[in-house]
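One-letter residues, chain by chain:
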Amino acid sequence: MNEPIVARSTLAHIAPKAAPALATSTLLILGRIWNANGAEHSTGNAALMVVLATGAAAAGAFASAGRSGDGVLAGTCFAASGGLALAGVAGYADGISLPLLLWALATAVAYGLAARYWRTDRRDSVAHERHLTVRREEHAHAERVEALRAGAQIEVAREGAAYAAALAQALTARAALPGFDPLEVTRAGLPKLPAIDITKEH
């Protein structure tokens, strides 16, 4: 049972691991660009980011407390809330220390949440691989059993054909001898042979 071998590239393996750091770093850079373009100590801009971050957090709380309990939607809303808060602080603060501190905290939290999903995904992948391995072993065992059975049937048929051919040759040679009695062959337990008129052959 042959299956295609899929080789993942190094970039495809590293990209998910680097995604949280890239996301928080992008927010920090955009916040500092916003700071350089007039957002520093801007009360209106700070109030806007507070409202947006609070709204995203409220949406996440509502999504997690609902009947469906959609974890993906809640996580997305909370991540958006944290990102808006980080961007707001990076844009409003005049120094780089507080934005860097929040960036480090946000990155650590992002990796902590992502590690949980990575572990779950890893467990699911391992369970799936084990299931496939068991199924492949079962199929291979069934194929081996069927191959052995078919080989045994072929061997029995071959031996039966060889025995029949040898018996036919022996009976033909014996029938050519004078004084051959077909009844003796039948008494020996072999199939009944048709009567042969020896006088016609001699």
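Heads up: the structure comes first, above all this text.
Residues numbered from 1 in each chain as written. Predicted model: local features only at pLDDT ≥ 70, side-chain atom pairs only at ≥ 80, totals over all residues. Heavy atoms only, no water.

Trainee: Quick one: what's the story with the overall build of the protein chain, residue by residue and with numbers?
Mentor: Looking only at helices and strands, the protein chain has 6 helices and 0 strands in total. Considering the protein chain as a whole, with its 202 residues, one finds that 15% of them fall into the buried category. Partitioning the intrachain contacts of the protein chain with sequence separation of at least 6 by distance along the chain shows that 64% fall at a separation of at least 24. (Helix = DSSP H or I, 4+ residues; strand = E, 2+ residues; numbered from the N terminus. Buried < 20%, exposed > 50% of the residue type's maximum accessible area, 1.4 Å probe, protein only. Contact = heavy atoms within 4.5 Å.)

Trainee: Describe the side chain of N35, and please don't skip the residues or the numbers.
Mentor: With respect to the element layout, N35 can be found in helix α1 (residues 10-39). Residue classification places N35 among the buried residues on the basis of a relative accessible area of 8%. Filtering out sequence-adjacent residues up to four positions away, N35 remains in contact with E40, A90, G91, Y92 and A93.

Trainee: Lay out the pattern of salt bridges with the relevant residues and their values.
Mentor: In this structure the tally under the stated criterion is 2 salt bridges. Of the charged contacts, one joins E146 and R149 as a salt bridge, the two residues approaching to 2.8 Å between their closest N and O atoms. Highlighted residues: E146 and R149, both in helix α4 (residues 97-175), separated by 3 residues, approximately one helical turn. For E155, the salt bridge is made with R158, and the minimal N-O distance between the two is 2.7 Å. In this pair, E155 and R158 are both assigned in helix α4, 3 residues apart and thus about one turn of the helix distant. The partly exposed category is assigned to E155, whose relative accessible area is 35%. (Salt bridge = Lys/Arg side-chain N within 4 Å of Asp/Glu carboxyl O.)

Trainee: So what's going on with the environment of T43? Residues and values would help.
Mentor: In this fold, T43 is placed in helix α2 (residues 43-65). For T43, a relative accessible area of 60% corresponds to the exposed category.

Trainee: Residue-level account of α4, with values.
Mentor: Helix length check: α4 (79 residues) gives 114 Å between terminal C-alpha atoms against 117 Å at 1.5 Å per residue, within 8%. Along α4, the residues classified as buried are P99, T107, A114 and A175. (Expected span 1.5 Å × (residues − 1).)

Trainee: An account of a nonpolar patch on the surface is requested, with residue identities and associated values reported.
Mentor: A contiguous nonpolar patch, built from I29, L30 and I33 and spanning about 290 Å² of accessible area, is present on the exposed surface. On the secondary structure map, I29 appears in helix α1. The class for I29 is exposed, based on a relative accessible area of 53%. (Patch = residues over 30% accessible without salt bridge, like charges linked within 9 Å, V, L, I, M, F, W, Y side chains within 5 Å. Areas by Shrake-Rupley, 256 points an atom, 1.4 Å probe, with all protein chains shown as cover.)

Trainee: Account for the side chain of T24, with residues named and values stated.
Mentor: Turning to its location among the elements, T24 is positioned in helix α1. Not counting residues within four places of it along the chain, the set of residues in contact with T24 comprises L86, W103, A106 and T107.

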